[in-house]
Amino acid sequence: MRVRATNVKIKKKNLNQNKSKKAIKTVKSYTFMTDRFMTMAFNIPVAQHVLSVIMDTNLVVKSVKQQPIEDNFFSKSYRFDVLAEDDTGKIYNIEVQNSDEGANPKRARYNCELMDELIIRKGTAYADYPESYVIFITENDVLEGGLPIYHIDRYIKENGKPFLDGQYIIYVNGKNRDTSTALGQLMVDMQQQDATKISNKVLADRMKLLKQGEAFETMCKEVDKLTAEERTKTLAESVVNLVLSGSFTVDSAISILRVSSDIQTIVREKAQKLLSEK
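Below, the structure is looked at part by part. (Residues numbered from 1 in each chain as written. Predicted model: local features only at pLDDT ≥ 70, side-chain atom pairs only at ≥ 80, totals over all residues. Heavy atoms only, no water.)

1. Digging into the pattern of salt bridges
Line of reasoning, step 1. Enumeration over the complete set of coordinates arrives at seven salt bridges.
Line of reasoning, step 2. Among the ionic pairs, Arg154 bridges to Asp165, the shortest N-O distance being 2.4 Å. Of this pair, Arg154 sits in the loop between β7 (149-152) and β8 (167-173) while Asp165 sits in the loop between β7 and β8, and the two are 11 residues apart along the sequence.
Line of reasoning, step 3. A salt bridge links Lys201 to Asp205; the shortest N-O distance between them is 2.5 Å. One end of the pair, Lys201, and the other, Asp205, are both in helix α7 (residues 201-210), four residues apart, so they sit about a helical turn from each other.
Line of reasoning, step 4. Overall, Lys201 belongs to the exposed group, its relative accessible area being 61%. (Salt bridge = Lys/Arg side-chain N within 4 Å of Asp/Glu carboxyl O. Helix = DSSP H or I, 4+ residues; strand = E, 2+ residues; numbered from the N terminus. Buried < 20%, exposed > 50% of the residue type's maximum accessible area, 1.4 Å probe, protein only.)

Shown next as structure tokens:
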């Protein structure tokens with residue numbers, strides 16, 4: 001029995017050693033406004049709480065998924081952060097944006113087009129098209145109106161009446177920190193990295209669960225992988241610059257830069273690819 005216990009401890013120790021300090025710190029800093037964390041965190045209870053607050057009504061969400069859109073002749077590949085459907089058939093695309101550029105109004109238009117491409121089947125009667133909502137939750141007040149939330153609907157210019165095509169856009173201002181309102185409290189909760197400081201139990205429990213165990217390991221590995229890829233990319237670019245100076249070959253450049261042996265092959269391949277594109 002003692003041998004078994006020792007083996008388990010050794011396994012856990014090795015597991016921790018596989019994560020860099022940078023990865024651990026990065027993942028611990030994740031919030032519901034972090035794209036990677038958000039896509040893992042948004043299950044049905046989380047989506048139901050967030051949508052109920054934003055839509056100011058008690059919604060019943062029946063499905064949540066992250067939906068990739070493949071390359072086609074007309075558009076580039078794209079992945080929705082979250083797609084949710086409620087029990088009335090309404091479809092919601094929820095996107096978190098920490099950069100103003102990512103929440104450009106033309107981006108909202110693009111998402112609307114992709115949603116129609118995804119959810120409307122050939123032969124569907126116009127009357128049966130589902131209502132769809134593109135919702136941007138933004139870190140900054142992108143639309144600069146000083147409002148906590150912006151509802152963008154279509155209207156007939158001449159008489160001001162709504163044009164009911166069933167397609168709607170909503171921007172939620174993450175700068176709104178008025179905790180006397182449900183929406184302001186949601187924005188505070190979604191930007192909190194410590195689960196113990198989140199007021200809503202659904203969000204707090206979900207963050208606590210994901211910042212430990214297998215999910216935590218997965219996110220740490222992703223951070224380390226991205227860090228390694230960035231490092232080899234930077235080194236490959238340095239190799240190319242030396243080669244283009246006319247004084248070095250790829251191998252001599254790798255040597256002068258003291259590239260560690262474990263990544264030399266990767267750096268060499270990346271540098272040769274960059275050189276072939278010159």
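Read on for the rest.
2. Describing the packing of helix α4 (residues 44-55) against helix α6 (residues 182-190)
Line of reasoning, step 1. Here α4 crosses α6 at 140°, and the two axes come no closer than 9 Å. Relative to α6, the element α4 is oriented oblique. Both α4 and α6 take part in a crossing whose hand is left-handed. Residues His49, Val50, Val53 and Ile54 of α4 touch α6, and the partners they reach there are Ala182, Leu183 and Leu186.
Line of reasoning, step 2. Tallied by class, residues from the contact of α4 with α6 come to six nonpolar, one polar and no charged. (Axes fitted to C-alpha atoms, helices over the stretch in contact; angles between N-to-C directions. Parallel < 35°, antiparallel > 145°, perpendicular 65-115°, else oblique. Left-handed = near helix turned anticlockwise from the far one by under 90°. Contact = heavy atoms within 4.5 Å. Nonpolar A, V, L, I, M, F, W, Y, C, P; charged D, E, K, R; others polar.)

3. Some words on the sheet that holds β7
Line of reasoning, step 1. The mixed open sheet is built from six strands, whose spatial order is β1-β4-β5-β6-β8-β7. Each end of this open sheet is capped by a strand with a single partner; those strands are β1 (61-65) and β7. Each strand axis lies, on average, 20° off the axis of its neighbour in the sheet, ignoring direction.
Line of reasoning, step 2. The strands that helix α5 (residues 105-119) touches are β4 (82-86), β5 (91-97), β6 (132-138) and β8; relative to β6, the one it contacts most, it runs at about 145°.
Line of reasoning, step 3. The strands touched by α6 within the sheet are β5, β6, β7 and β8, with β8 carrying the most contacts at an inclination of about 70°. (Pairing = 2+ DSSP bridges.)

4. Some remarks on unusual backbone geometry
Line of reasoning, step 1. Not every positive phi belongs to a glycine, and Asp56 is a case in point at roughly 55°.
Line of reasoning, step 2. Tracing the chain through its elements places Asp56 in the loop between α4 and β1.
Line of reasoning, step 3. Located in the positive-phi region is Glu144, a residue other than glycine, with phi close to 55°.
Line of reasoning, step 4. Owing to a relative accessible area of 70%, Glu144 belongs among the exposed residues under this scheme.

5. Examining the pairing of β5
Line of reasoning, step 1. Taking burial as the measure, the seven residues of β5 include seven buried ones, the bulk of the element.
Line of reasoning, step 2. Burial along β5 is two-sided: Ile91, Asn93, Glu95 and Gln97 facing one way and Tyr92, Ile94 and Val96 facing the other are all buried.
Line of reasoning, step 3. Judged from the four bridges that link them, β4 and β5 form a sheet pairing that is antiparallel. Bridge pairing in β5 links Glu85 to Ile91.
Line of reasoning, step 4. Where β4 hands over to β5, the hairpin turn is made up of four residues, of which Gly89 adopts a positive phi near 95°.
Line of reasoning, step 5. Each parallel crossover has a hand, and for β5 linked through α5 to β6 it is right-handed. (Right-handed = clockwise from strand over helix to strand, strands pointing away.)

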